[in-house]
Amino acid sequence: MLADAGFDVWLGNSRENTYGRRHMTLNTTDKEFWQFSWDQMAQQDLPAAIDRILAITGVSSLFYGGHSQGGAIMYALMSHDPSYATKVKLFVAHAPAVYGNTMTSPIKYIAPFSKGLGPIGELLTHGELLPHSEVYDFLAKYVCNQAIIPELFCENLLFVISGFDVEQMNISRVPVYMGTHPAGTSIQNLLHFAQMVENPNFQMYDYGPAENMKIYHQKTPPVYDMSNATMTS
């Protein structure tokens, strides 16, 4: 609709999912490839994308719309570097994943057990989590497009991940959702979200007191100062 209305539309992409697995020096089999969370998306990827778009188009500012993680990383960027407020004319945040301690998804009940997932997950998967596979394509093509199965299986599978909200679920789109999701991320990114469930602060990744001192020069991860996010939203 925006493109038809004459807007120049750019679709952003999170690092290391189905569409973002290229790297200048690392391969997906390298442990270092997966050592990131949404902190890096906010502090490195998003500003790089914004600057690239502005350089190509020649305009001074743009509109930004972000859903869930896409909204969270913009708030984090604005908190980390308020200068980007002049480059974003309007920020439309769709259910931004900023304060995870109020979530209703069943995932909140397993968040406390996630601390042991890091070493085990990296040992088994090199740090990759839930990459899209042929299993999901099979479900989308042969299971989730049936008359009754989407509500009994596919829809509820999505609810387990995102929270129960049957009134807002478009049943006809379930095969599309299953055909593209999950798209994969890093275990460290999952752990960051798990930390948000247990902590009311909107803060950077917690590596533990010793590593935090090395990286942040303090025992606890820095909190993103939301008062710096002064853009129009």
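Above: the structure in question.
Cut-offs applied
- For every chain, the first residue of the written sequence is number 1, and numbering continues from 1 onward in sequence order.
- The model is predicted, so local features are restricted to residues of pLDDT at least 70 and side-chain atom pairs to those at 80 or more, both for listing and for counting; the totals for chains, interfaces and linings are taken over all residues.
- Hydrogens are left out, water is left out, and the side-chain values use all remaining heavy atoms of the structure.
- What is meant by a nonpolar core is a set of buried Ala, Val, Leu, Ile, Met, Phe, Trp, Tyr and Cys residues, joined one to another through side-chain atoms within 4.5 Å.
- Only protein chains enter the calculation, and the probe is 1.4 Å; a residue is then buried if its accessible area is under 20% of its type maximum, exposed if over 50%, and partly exposed in between.
- Contacts are residue-level and defined by heavy atoms, with any inter-residue pair within 4.5 Å sufficient.
- Inter-axis angles, ranging from 0 to 180 degrees, are taken between N-to-C directions of lines fitted to C-alpha atoms, where helices are fitted over the stretch in contact.
- The secondary structure listing takes helices from DSSP runs of H or I that are at least 4 residues long and strands from runs of E that are at least 2 residues long, numbered from the N terminus.
- Any angle between 65 and 115 degrees counts as roughly perpendicular, while under 35 counts as roughly parallel, over 145 as roughly antiparallel, and the rest as oblique.
- Just so you know the grouping, Ala, Val, Leu, Ile, Met, Phe, Trp, Tyr, Cys and Pro go in nonpolar, Asp, Glu, Lys and Arg go in charged, and all remaining residues, Gly too, go in polar.
- Within 3.5 Å is the distance limit for a polar contact, defined as a pair of N or O atoms, with the added protein rule that one can donate a hydrogen and the other accept it, and that residues adjacent in sequence qualify only through two side-chain atoms.

To continue, consider the nonpolar core. Within the largest apolar cluster, 35 residues are counted, with the highest numbers of intra-cluster contacts made by Trp38, Ile50, Tyr64, Met74, Met78, Val88 and Phe202. Apart from the residues lying within four places of it in its own chain, the contact partners of Met78 are Tyr84, Ala85, Val88, Asn228, Ala229 and Met231. In terms of nonpolar packing, the next biggest core, distinct from the first, is built from nine residues, Val143, Cys154, Phe159 and Met178 among them.

Turning next to the packing of helix 1 (residues 38–57) against helix 2 (residues 69–80). Packing of helix 1 against helix 2 leaves a shortest axis separation of 8 Å and a crossing angle of 80°. One element, helix 1, and the other, helix 2, form an angle in the roughly perpendicular class. Of the residues in helix 2, those in contact with Trp38, Met41, Ala42, Gln43, Leu46, Pro47 and Ile50 of helix 1 are Gln69, Ile73, Met74, Ala76, Leu77 and His80. Here the residues of the contact of helix 1 with helix 2 sort into 10 nonpolar, three polar and no charged.

So, about the side chain of Arg15. With respect to the helices, strands and loops of the structure, Arg15 is situated in the segment before helix 1. Owing to a relative accessible area of 19%, Arg15 belongs among the buried residues under this scheme. At 3.2 Å, the side chain of Arg15 and the side chain of Gln44 are in polar contact. In terms of polar contacts, Arg15 uses its side chain to reach the side chain of Asp45, at 2.7 Å.

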